[in-house]
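Topology and contacts: notes
Letter by letter, the chains look like this.
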Amino acid sequence: MHRLTRRSASAILRHTGGSRYPRNATAAAATCSDDSQVVGHHTGPRWYSVLPSGRCNTVRSLTEVNLSKNGFFLGNRYESTAAASDASAVPPPPPVEKYEYQAEVSRLMDLIVNSLYSNKEVFLRELISNASDALDKLRFLAVTKPELLKDAADLDIRINTDKDNGIITITDTGIGMTQQELVDCLGTIAQSGTAKFLKAMKDSKDAGGDNNLIGQFGVGFYSSFLVADRVVVSTKSPNSNKQYVWEGEANASSYTIREETDPEKLIPRGTCLTLYLKNDDKGFAHPERIQRLVKNYSQFVSFPIYTWQEKGYTKEVEVDEDPAEASKDKQDETTEKKKKTKTVVEKYWDWELTNETQPIWLRNPKEVQTEDYNEFYKRTFNEYLDPLASSHFTTEGEVEFRSILYVPAVSPQGKDDLVNPKTKNIRLHVKRVFISDDFDGELFPRYLSFVKGVVDSNDLPLNVSREILQESRIVRIMRKRLVRKAFDMILGISMSENKADYERFWDNFGKYMKLGCLEDRENHKRLAPLLRFFSSQSEDEMISLDEYVENMKPEQKDIYYIASDSVTSARNTPFLEKLLEKELEVLYLVDPIDEIAVQNLKSYKEKNFIDISKEDLDLGDKNEEKEKMMKEEFGQTCDWIKKHLGDRVASVQISNRLSSSPCVLASAKFGWSANMERLMKSQTVGDTSSMEFMRGRRVFEINPDHPIIQNLNAAFNSNPDDDDALRAIDLLYDAALVSSGFTPENPAQLGGKIYEMMGMALSGKWSAPTPTPEVHHSAPQPQTPETLEAEVVEPVEAGGQK
């Protein structure tokens, strides 16, 4: 036994095929010799020995060190050859080389399935993308090496299926792989040949061609094990004279590589993947399903994709004559005989081009007609109406992507509404390969979920997932730019000469814009010009905030609004009386979300939004002397009314907003308005306990110029404890509740008070006087004192004398 130095050990490694592996890769030293032996030792340098039998063997060192070359790992290699004593006339088959993965495949496959791929059907997308990369590489390299295309095979992808046996075959005529490339790329999980190719192009001085390749993540090929138990890869590179076959099974720790010797299976160039599907996934081998998946995910791949489909054509065939009819024809020999035929459908199989549609977003917008955009929109999103607007743009700079956005003509129906943000309106592509249309606010906020479109990015990884989207800085930048373009598109509709277009948009998507005021404070300046409301000066046609500001009085400082359930109720509210006299325009917020949206905006063009139903309304016309006189005259009356109403009101004040109504109930400055209180009460499902802290105290405002208030003031001065006056205060408060938009706490009691007042007012007004009963002297009646009224009788002339 001899101990070798480090230099000698390195020489043996180089002599025994170490050049086949990358430098510093984890590998066992294999050698054939007759006079030395290698044994392991727990410390120090390695020891080597040669078995006396003369056979070639591999001994793994006790301590394996995983080192890399070019960023990938290689596994241990085992070689087996035929025995020397086996003498046969038939040439031995080519040796099968067995390799082991440098990873725990079962755990890594589980990671791929559960983290990188949430849907099994994406396996076809990944494999087609790999085939497209192989074709791209060949096309790029053929610019400088035309001999790579000497076989003159078309650059295409073909998919064949065997639904009976559950087999899918994907063939491309791309660059193919050599034996070493098979080991490097398919023997190392997460090792990307595309990434290495792009790096080589970047380092090359001749780089400058089309480097828009797809798969740079390195796990696309292993998605085939989502549906397949066994995968066979047969590949032929123009740089090699031999064709090699890679074969691996799901959850196996090793794979094999052999040379292809069957003449019937030889291909001139490219790669052929054969997937033997699992029992539960054999449905993927149906030709119709394969065709549907190609159209969904790989419709815009730049190379033609053919699928093996069953077709048919009609033809006429002769029909055998019926014996009875034949004998009848013989009897009538003069009758001309005509051959009877029938139409049949002849079935056959042939290749069919599946991806006929070219990506419209890659074209120059100046060269695309409106009809082309509309046709693409209808075909992609299964729509029957042309969109209201479209926007085709390319974003460059920190993040590059292309996109086409559309505003639909009608609002979504069914489940795709405001409460369901998971719409399928945005289709994300990565390098023309469809990734997903199932997003939850990553690319567009919920209030813009009605916008439809296509986004194609070259910066995102192909194996994108929900987690990647949520954490990606690229996606956040894309979102900002997409939202900005969507607003520009909607603003273009609002500025169009055809006002009917924006009216149509507002009818369908106005609520979405108002929801944006709640959810997106950053875009308030873009949202506010798009809002539309009815107003006191425009009850039939909605106006914008810009139009309101233009119509404001010179002395007007704020934007006034009143929230109600309809234009009619808003028009008749007592809060409007003084503003209408002053010709101040008031916005009518009649949609349930309007009031919340305006409160979130707070202001527009430095004009604050003011609710005219709240206390301390300032109309800019204060007269301190008049207010002082009114407080001196009606101040004690206000205290008297407050004392009687008690906790039902926070205070009683003299109003500056009334002209014809006797009183009104204003909401607290920081509490709910009557409209908001009504809406929130309907949302609490009968539980009003949670509303008390937001309801606020109401302010009872009286109009000192109204006769009812003046009579109450006189009643206070003469007899403040008069029951009729106190009942009048109660009725006045209940009436103010209704007219101000609040709901009475006891409607039946309010009705009783109204009936009582009606009875007093209408007593005997239209009824006939009661006749006087006749007095019978036969039976004396008890005398009851009566109050008799004296009747004045005018003297009449009798015989000319008075």
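Residues numbered from 1 in each chain as written. Predicted model: local features only at pLDDT ≥ 70, side-chain atom pairs only at ≥ 80, totals over all residues. Heavy atoms only, no water.

As a reminder of what qualifies: UniProt positions are given in the numbering used here, feature names are shortened, and annotations may be inferred rather than shown by experiment.
Per an unreviewed UniProt entry, the protein chain is named Histidine kinase/HSP90-like ATPase domain-containing protein, and its organism is Acer negundo. Its UniProt record gives the protein chain the following Sequence similarities (unreviewed entry) comment, quoted word for word: "Belongs to the heat shock protein 90 family."

1. With respect to the overall build of the protein chain
The condition is simple: Under the scheme used here, helices are H or I runs from DSSP no shorter than 4 residues and strands are E runs no shorter than 2 residues, and both carry numbers assigned from the N terminus. For every residue, the accessible area (1.4 Å probe, protein chains only) is compared with the maximum for its type, and the residue is labelled buried under 20%, exposed over 50%, or partly exposed between those bounds. A contact between two residues is defined here by any heavy atoms of the two lying within 4.5 Å. Shrake-Rupley sampling with a 1.4 Å probe provides the accessible areas, and residues are treated as covered by the protein chains on show and by no other component.
Along its length, the protein chain carries 22 helices and 26 strands. Buried positions account for 42% of the 802 residues belonging to the protein chain. The contacts in the protein chain between residues at least 6 apart in sequence include a share of 72% that link residues at least 24 apart. Carbon and sulfur atoms provide 48% of the accessible area of the protein chain, an area that totals close to 46,200 Å².

2. Considerations on the environment of Phe450
Inspection of the secondary structure assignment puts Phe450 in the loop between strand 16 (433-436) and strand 17 (452-457). Separated by 26 residues in the primary sequence, Phe450 and Lys424 place their C-alpha atoms 9.5 Å from one another. Every residue in contact with Phe450, bar those within four places of it in the chain, is listed here: Val407, Pro408, Asn425, Ile490, Phe505, Phe509, Tyr512 and Met513.

3. Examining a positive patch on the surface
Worth spelling out the cut-off: Without a salt bridge and with relative accessible area above 30%, a residue can belong to a patch; like charges are then joined within 9 Å and nonpolar side chains (Val, Leu, Ile, Met, Phe, Trp, Tyr) within 5 Å. Note on definitions: salt bridges are taken to be side-chain nitrogens of Lys or Arg within 4 Å of carboxyl oxygens of Asp or Glu. Two residue types count as positive, namely Lys and Arg, and two as negative, namely Asp and Glu; His and chain ends fall outside the count. Here the site of a charge means atom NZ of a Lys, CZ of an Arg, CG of an Asp or CD of a Glu.
Taken together, the side chains of Arg476, Lys480, Arg484, Lys485 and Arg526 define a basic patch exposed on the protein surface. It is helix 10 (residues 473-494) that contributes the most residues to the positive patch, 4 residues altogether. Positionally, Arg476 belongs in helix 10. Since its relative accessible area comes to 45%, Arg476 is described here as partly exposed.

4. Side note on the sheet that holds strand 21 (residues 586-589)
Going by this rule: Two strands qualify as a pair provided that DSSP identifies no fewer than 2 bridges between them.
In space, the 6 strands of this open sheet follow the order 19-18-21-20-23-22, with mixed pairing throughout. If you trace the sheet from one side to the other, it starts and ends with strand 19 (538-543) and strand 22 (603-604), each paired once. Bridge count for strand 22 against strand 23 (residues 607-611) is 2 bridges, and the pairing is antiparallel. Paired with Ser603 across the two strands is Asn608, which belongs to strand 23.

5. Observations regarding empty space enclosed by the protein
Stated formally: The way it works is a 1 Å grid over only the protein atoms, where trapped points that fit a 1.4 Å probe form a cavity and open points with protein on both sides within 12 Å along at least five of seven lines form a pocket, and then any residue with an atom within 4 Å of a point lines it. Grid points are joined across faces, edges and corners, and a volume is the space filled by probe spheres set on the points. As a working rule, the residues Ala, Val, Leu, Ile, Met, Phe, Trp, Tyr, Cys and Pro are called nonpolar, Asp, Glu, Lys and Arg charged, and the rest polar, with Gly in that last group.
Across all of its chains, the model carries 2 cavities of 30 Å³ or more by this definition. Looking at the second largest cavity, the residues that line it are Ala674, Glu677, Arg678, Lys681, Gly741, Phe742 and Thr743. Considering only residue class, the lining of the second largest cavity consists of 2 nonpolar, 2 polar and 3 charged.

6. Some remarks on the packing of aromatic side chains
Let me state the cut-off plainly: Here a Phe, Tyr or Trp ring, Trp counted by its six-membered ring, pairs with any other such ring whose centre lies within 6.5 Å, and the pair is stacked when the planes are under 30 degrees apart, edge-to-face when over 60, and tilted otherwise. By the criterion adopted, a ring carries a charge over it if an Arg CZ or a Lys NZ lies within 6 Å of its centre and within 35 degrees of its normal.
Scanning the entire structure with this criterion turns up 24 aromatic pairs. Here the aromatic rings of Tyr377 and Tyr406 are separated by 4.8 Å at their centres, their planes lie at 40°, and the arrangement is tilted. Of this pair, Tyr377 sits in helix 8 (residues 370-381) while Tyr406 sits in strand 14 (residues 401-407), and the two are 29 residues apart along the sequence. Both residues of the pair, Tyr377 and Tyr406, count as buried. Ring geometry for Phe700 versus Tyr733: centroids 6.3 Å apart, planes at 55°, classification tilted. Residue Phe700 is located in strand 26 (residues 699-702), and its partner Tyr733 is located in helix 21 (residues 723-739); the two are separated by 33 residues in the primary sequence. Tyr733 carries the same exposure label as Phe700, and that label is buried. One residue, Arg158, lies across the ring of Tyr306, its end atom 4.4 Å from the ring centre. A cation over a ring is seen here: Arg158 above Trp351, with NZ or CZ 5.2 Å from the ring centre.

7. Examining the pattern of salt bridges
Summed over the entire model, instances satisfying the criterion amount to 21 salt bridges. The salt bridge involving Lys120 is made with Asp281; its shortest N-O contact spans 3.3 Å. Pair noted here: Lys120 is in the loop between helix 2 (105-116) and helix 3 (122-141) and Asp281 is in the loop between strand 10 (270-277) and helix 6 (287-297), with a separation of 161 residues, a long-range link. Judged by relative accessible area, which is 37%, Lys120 ranks as partly exposed. Among the residues examined, Asp281 registers a relative accessible area of 6% and is labelled buried. The salt bridge involving Glu519 is made with Arg446; its shortest N-O contact spans 2.5 Å. Here Glu519 is found in helix 11 (residues 499-519), whereas its partner Arg446 is found in the loop between strand 16 and strand 17, with 73 residues between them in sequence.

8. Describing the side chain of Thr637
Within the fold, Thr637 resides in helix 17 (residues 624-645). Judged by relative accessible area, which is 1%, Thr637 ranks as buried. The contacts of Thr637, once residues within four sequence positions are left out, are Asn713 and Phe716.

9. Notes on the pairing of strand 5 (residues 157-162)
Side-chain alternation along strand 5 places Ile157, Ile159 and Thr161 on a buried face and Arg158, Asn160 and Asp162 on a face that remains uncovered. The pairing of strand 5 with strand 6 (residues 167-172) spans 6 bridges and is classified as antiparallel. Looking at the pairing, Asn160 lines up with Thr169 of strand 6. Between strand 5 and strand 6, which follow one another and run antiparallel, lie 4 residues, and Gly166 among them has a positive phi close to 70°. Pairing of strand 5 with strand 11 (residues 305-318), which is carried by 3 bridges, proceeds in the parallel orientation. Its bridge partner lying in strand 11, Arg158 is registered against Tyr306.

10. Describing the confidence of the model for the protein chain
We count it as follows: pLDDT expresses, on a scale from 0 to 100, how confident the predictor is about each individual residue.
Predicted confidence across the protein chain gives a mean pLDDT of 77, with 71% of residues reaching 70 or more. Taken together, the stretch residues 784-790 has pLDDT below 50 and engages in 0 contacts with residues farther than four places along the chain or on a different chain. Contacts of residues 796-802 to residues separated by more than four positions or lying in other chains number 3 contacts, the stretch itself having pLDDT below 50.

11. Observations regarding helix 21
Keep this limit in mind: Multiply 1.5 Å by the residue count of a helix minus one, and that product is the helix's expected span. Between N or O atoms, a polar contact is any pair within 3.5 Å; within protein, one atom must be a potential hydrogen donor and the other a potential acceptor, and residues adjacent in sequence are included only when both atoms are from side chains.
For helix 21, built from 17 residues, the straight-helix expectation of 24 Å at 1.5 Å per residue is met to within 8% by its first-to-last C-alpha distance of 24 Å. Within helix 21, the full set of buried residues consists of Ala725, Ile729, Asp730, Leu731, Leu732, Tyr733, Asp734, Ala736 and Leu737. Considering only its buried residues, helix 21 is in contact with helix 17, strand 25 (663-666), strand 26, helix 20 (707-718) and helix 22 (747-762). In this structure Asp722 caps helix 21, since a side-chain oxygen of it lies 3.1 Å from the backbone nitrogen of Asp724.

12. Overview of the sheet that holds strand 25
Stated precisely, the cut-off is as follows: Here, axes are lines fitted to C-alpha atoms. For helices the fit covers the stretch in contact, and angles between N-to-C directions go from 0 to 180 degrees.
Spatially, 24-26-25 is the arrangement adopted by the 3 strands of the open sheet, whose pairing is mixed. Two strands lie at the open edges of the sheet, namely strand 24 (651-654) and strand 25, each paired on one side alone. Averaged over all pairs of adjacent strands, the angle between their axes in this sheet comes to 25°, without regard to strand direction. Relative to strand 26, strand 25 is paired through 4 bridges, and the arrangement is antiparallel. Across the sheet, residue Val664 finds its bridge partner in strand 26, namely Glu701. Across the face of the sheet, helix 17 comes into contact with strand 24 and strand 26 while running at roughly 155° to strand 24.

13. A short note on the nonpolar core
Stated precisely, the cut-off is as follows: Note on terminology: a nonpolar core comprises buried Ala, Val, Leu, Ile, Met, Phe, Trp, Tyr and Cys residues joined through side-chain atoms within 4.5 Å.
Residues Leu448, Phe450 and Met513 are the most contacted members of the largest nonpolar core, which totals 75 residues. When residues in this core are grouped by element, the largest group, 11 residues, is from helix 10. Setting aside anything within four residues of it in sequence, one finds Met513 in contact with Tyr447, Leu448, Phe450, Ile490, Phe505, Trp506, Leu527, Leu530 and Leu531. One finds Leu124, Cys185, Phe303 and Phe434 within the second-largest nonpolar core, a separate group that totals 43 residues.

14. Topic: unusual backbone geometry
Notably, Asn382 is not glycine yet its phi reads approximately 55°, a positive angle. Overall, Asn382 belongs to the exposed group, its relative accessible area being 70%. One non-glycine residue, Lys431, lies in the positive phi region at around 55°. Structurally, Lys431 can be placed in the loop between strand 15 (426-430) and strand 16.

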